Amino acid sequence: MTSPTTSIRIEPLKVACSSCNLRELCLPLGLSQPDLERLDRLVDARRHVARGAALFRAGDGFHSLYAVRTGFFKTCVSAEDGRDQVTGFQMAGELLGMDGISTDRHSCDAVALEDSQVCVIPFAELEDLSREFTDLQRQFHKIMSREIVRDHGVMLLLGSMRAEERLAAFLLNLTQRLQSRGFSPSALVLRMTREEIGSYLGLKLETVSRTFSKFQDDGLLEVKQRHIRITDQDGLRRLVNGPNC
């Protein structure tokens, strides 16, 4: 297992929140210029996390939130039998670390799926700052609410959907999030393995691979290893929502 201490590098922040191209997706959304400048002073470090390294692990003390600037992460928890259960995938503009707020310790691992970079936001200072101006507090509450809604969506995936519906919903969600970041709405490169997708969706590896092949045979998408091109988004939506939606 790669040691986080040898694969994480910290450097001073060079790009401020006020000039970051992810500001419309991240914590500074909707803040005024003076408030952005105050947030700039709070976010004072950037951390590089190598592919396969952990940003934090379950049981680590909670001190900061992390805004993903570049790259891709997975969060996972260890089952009693030692297997890792993937609980989410995070990309640029999303926050990591909120699992540690309630107990002051992280309850999951956050592992980089590719070489990544995060902005470090000390939580105690963020709390102090959010008390002073309500826009920041309101945006943080919105982000926390978004995470709750996402958790509800995962529960729906695991509780009532067939394998085809689960994978279709996963791909549609992924492309929607990537599109909001300026990427193609139909072409993507999967940063996670088929096994990690199966762990997240509650499916066996063989089922994930078979479902990808079925989608390709049905003309819904083209698959070349990790390169995916969605050729029939409406068809994927009908799988998720039913033929009459």
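Quantities reported herein were computed from a predicted structural model and do not represent experimental measurements.

The rules behind these values
- Residues numbered from 1 in each chain as written.
- Predicted model: local features only at pLDDT ≥ 70, side-chain atom pairs only at ≥ 80, totals over all residues.
- Heavy atoms only, no water.
- Helix = DSSP H or I, 4+ residues; strand = E, 2+ residues; numbered from the N terminus.
- Buried < 20%, exposed > 50% of the residue type's maximum accessible area, 1.4 Å probe, protein only.
- Areas by Shrake-Rupley, 256 points an atom, 1.4 Å probe, with all protein chains shown as cover.
- Pairing = 2+ DSSP bridges.
- Axes fitted to C-alpha atoms, helices over the stretch in contact; angles between N-to-C directions.
- Contact = heavy atoms within 4.5 Å.
- Parallel < 35°, antiparallel > 145°, perpendicular 65-115°, else oblique.
- Phe/Tyr/Trp six-rings, centres within 6.5 Å; stacked < 30°, edge-to-face > 60°.
- Lys NZ or Arg CZ within 6 Å of the ring centre and 35° of its normal.
- Salt bridge = Lys/Arg side-chain N within 4 Å of Asp/Glu carboxyl O.

## Here's the deal with the overall build of the chain
Per the secondary structure count, the chain includes eight helices and 12 strands. Within the chain, buried positions represent 47% of all 245 residues. Summed over its atoms, the accessible surface of the chain is roughly 12,800 Å², and 50% of this surface lies on carbon and sulfur atoms.

## Quick word on the sheet that holds strand 11 (residues 221-224)
The strands making up a sheet associate through hydrogen bonds between their backbones, and the pairing can be parallel or antiparallel. Pairing is antiparallel across the open sheet formed by three strands, whose spatial order is 10-12-11. Each edge of the open sheet carries a strand with a single partner, namely strand 10 (187-189) and strand 11. Across the sheet, the mean angle from the axis of one strand to that of its neighbour is 15°, orientation sign disregarded. Here strand 10 runs beside strand 12 (residues 227-230); their pairing, made up of three bridges, is antiparallel. Pairing of Leu188 across the sheet is with Ile228, part of strand 12. The sheet contacts of helix 5 (residues 163-179) involve strand 10, strand 11 and strand 12, and relative to strand 10 the element is tilted by about 100°.

## Quick look at unusual backbone geometry
Phi at Asp104 is positive, roughly 65°, even though this residue is not glycine. Within the secondary structure, Asp104 sits in the loop between strand 7 (95-96) and strand 8 (109-112). Here Gln225, not a glycine, exhibits a phi torsion of approximately 55°, which is positive. The residue Gln225 is located in the loop between strand 11 and strand 12 in this model.

## Digging into the packing of helix 6 (residues 194-201) against helix 7 (residues 205-217)
A packed helix pair is summarised by two numbers, namely the angle formed by the two axes and the spacing between the axes. Close contact between helix 6 and helix 7 brings their axes to 8 Å; oriented N to C, the two are set at 105°. Put simply, helix 6 runs roughly perpendicular to helix 7. Residues Arg194, Glu195, Ile197 and Gly198 of helix 6 pack against Leu205, Val208, Ser209 and Phe212 of helix 7.

## Some words on the packing of aromatic side chains
Throughout the structure, instances matching the rule amount to five aromatic pairs. Measuring from centroid to centroid gives 5.2 Å for Phe62 and Phe123, while their planes differ by 55°, and the two rings are tilted. Residue Phe62 is found in the loop between strand 3 (54-56) and strand 4 (64-70), and its partner Phe123 is found in helix 3 (residues 123-132); the two are separated by 61 residues along the sequence. A residue is classified by how much of its surface remains accessible, and Phe62, at 7% relative accessible area, is buried. Judged by relative accessible area, which is 9%, Phe123 ranks as buried. The side chain of Arg194 reaches across the aromatic face of Phe212, ending 4.3 Å from its centre.

## A look at the pattern of salt bridges
This model, assessed by the stated rule, comprises 13 salt bridges. One salt bridge connects Glu114 with Arg191, and the closest N-O pair in it is separated by 3.5 Å. With Glu114 in the loop between strand 8 and strand 9 (116-122) and Arg191 in the loop between strand 10 and helix 6, this residue pair connects regions lying 77 residues apart in the sequence. Bridged by salt links that share partners, the residues Glu94, Arg177 and Arg181 form one connected network.

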